[in-house]
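# Residue-level structure breakdown
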Amino acid sequence: MWNWLLILVASLISEPNQPELPPDALLIQEGTASFYGRRFHLKKTSNGEIFHMDSLTAAHKTLPFNTLVKVTREDTGDFVWVRINDRLPRTSRRIIDLSRG
């Protein structure tokens, strides 16, 4: 019984708010990225559009939809610009999920 109560209380406590940034602010995050594709292909994303695995889109926990994000691979320096159109679960350890494209 206590476990359920703790889970309920934990779910009601909001996460610490991120500071409000001006629209043109630069936010740099470092962490793990992954890609998703075939399983979600042609299904609706969180913003309501249809996901295409070969598009240049991504899922993020908090960034506003349609935000353009530069994702850089640290070992090679290669980078790609993607548009945020989906949400990651709040419990995800990844920073971003990229479409296959």
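Going by the structure above, here's the rest.
Criteria and thresholds
- Residues numbered from 1 in each chain as written.
- Predicted model: local features only at pLDDT ≥ 70, side-chain atom pairs only at ≥ 80, totals over all residues.
- Heavy atoms only, no water.
- Phe/Tyr/Trp six-rings, centres within 6.5 Å; stacked < 30°, edge-to-face > 60°.
- Lys NZ or Arg CZ within 6 Å of the ring centre and 35° of its normal.
- Helix = DSSP H or I, 4+ residues; strand = E, 2+ residues; numbered from the N terminus.
- Pairing = 2+ DSSP bridges.
- Axes fitted to C-alpha atoms, helices over the stretch in contact; angles between N-to-C directions.
- Contact = heavy atoms within 4.5 Å.
- Polar contact = N/O pair within 3.5 Å; in protein donor to acceptor, adjacent residues only side chain to side chain.
- Patch = residues over 30% accessible without salt bridge, like charges linked within 9 Å, V, L, I, M, F, W, Y side chains within 5 Å.
- Areas by Shrake-Rupley, 256 points an atom, 1.4 Å probe, with all protein chains shown as cover.
- Salt bridge = Lys/Arg side-chain N within 4 Å of Asp/Glu carboxyl O.
- Buried < 20%, exposed > 50% of the residue type's maximum accessible area, 1.4 Å probe, protein only.

### Overview of the packing of aromatic side chains
Counting across every chain of the model gives 0 aromatic pairs. Its end group placed over the ring of phenylalanine 79, lysine 70 keeps NZ or CZ at 4.3 Å from the ring centre. One cation-aromatic arrangement involves arginine 87 over phenylalanine 65; the distance from NZ or CZ to the ring centre is 4.3 Å.

### What about unusual backbone geometry?
Backbone geometry follows two general trends: most residues other than glycine have a negative phi, and most peptide bonds adopt the trans configuration. In this structure, asparagine 66 takes a positive phi of about 70° despite not being glycine. Along the chain, the position of asparagine 66 falls in the loop between β2 (57-60) and β3 (68-72).

### Side note on the sheet that holds strand β4 (residues 79-87)
Taken in spatial order, the 5 strands make up an open sheet running β1-β5-β2-β4-β3, and their pairing is mixed. Of all strands in the sheet, those with a lone pairing partner are β1 (33-36) and β3, marking the two edges. Taken pair by pair, the neighbouring strands of this sheet meet at an average axis angle of 40°, ignoring direction. Across 5 bridges, the pairing between β3 and β4 is antiparallel. Following the sheet pairing, valine 69 is matched in β4 by valine 82.

### Points about the pairing of β4
A regular strand places its side chains so that they alternate between the two faces of the sheet. With 4 bridges connecting them, β2 and β4 associate as parallel partners. Within β4, the residue paired with alanine 58 across the bridge is isoleucine 84. As consecutive antiparallel partners, β3 and β4 are separated by 6 residues, and within that stretch glycine 77 has a phi angle of approximately 80°, a positive value.

### A few points about the environment of serine 34
Relative to the elements of secondary structure, serine 34 occurs in strand β1. Discounting chain neighbours no more than four positions away, the residues touching serine 34 are Arg94, Ile96, Asp97 and Leu98. Separated by 3.0 Å, the side chains of serine 34 and arginine 94 make a polar contact. Looking at serine 34, its side chain comes within polar contact range of the side chain of aspartate 97, at 2.4 Å.

### Brief notes about a nonpolar patch on the surface
Together, Leu68, Phe79 and Trp81 give the surface a local cluster of nonpolar side chains, amounting to about 370 Å² of exposed area. Of note, tryptophan 81 is situated in strand β4. Looking at tryptophan 81, the relative accessible area reads 48%, which means it is partly exposed.

By themselves these figures say nothing about function.
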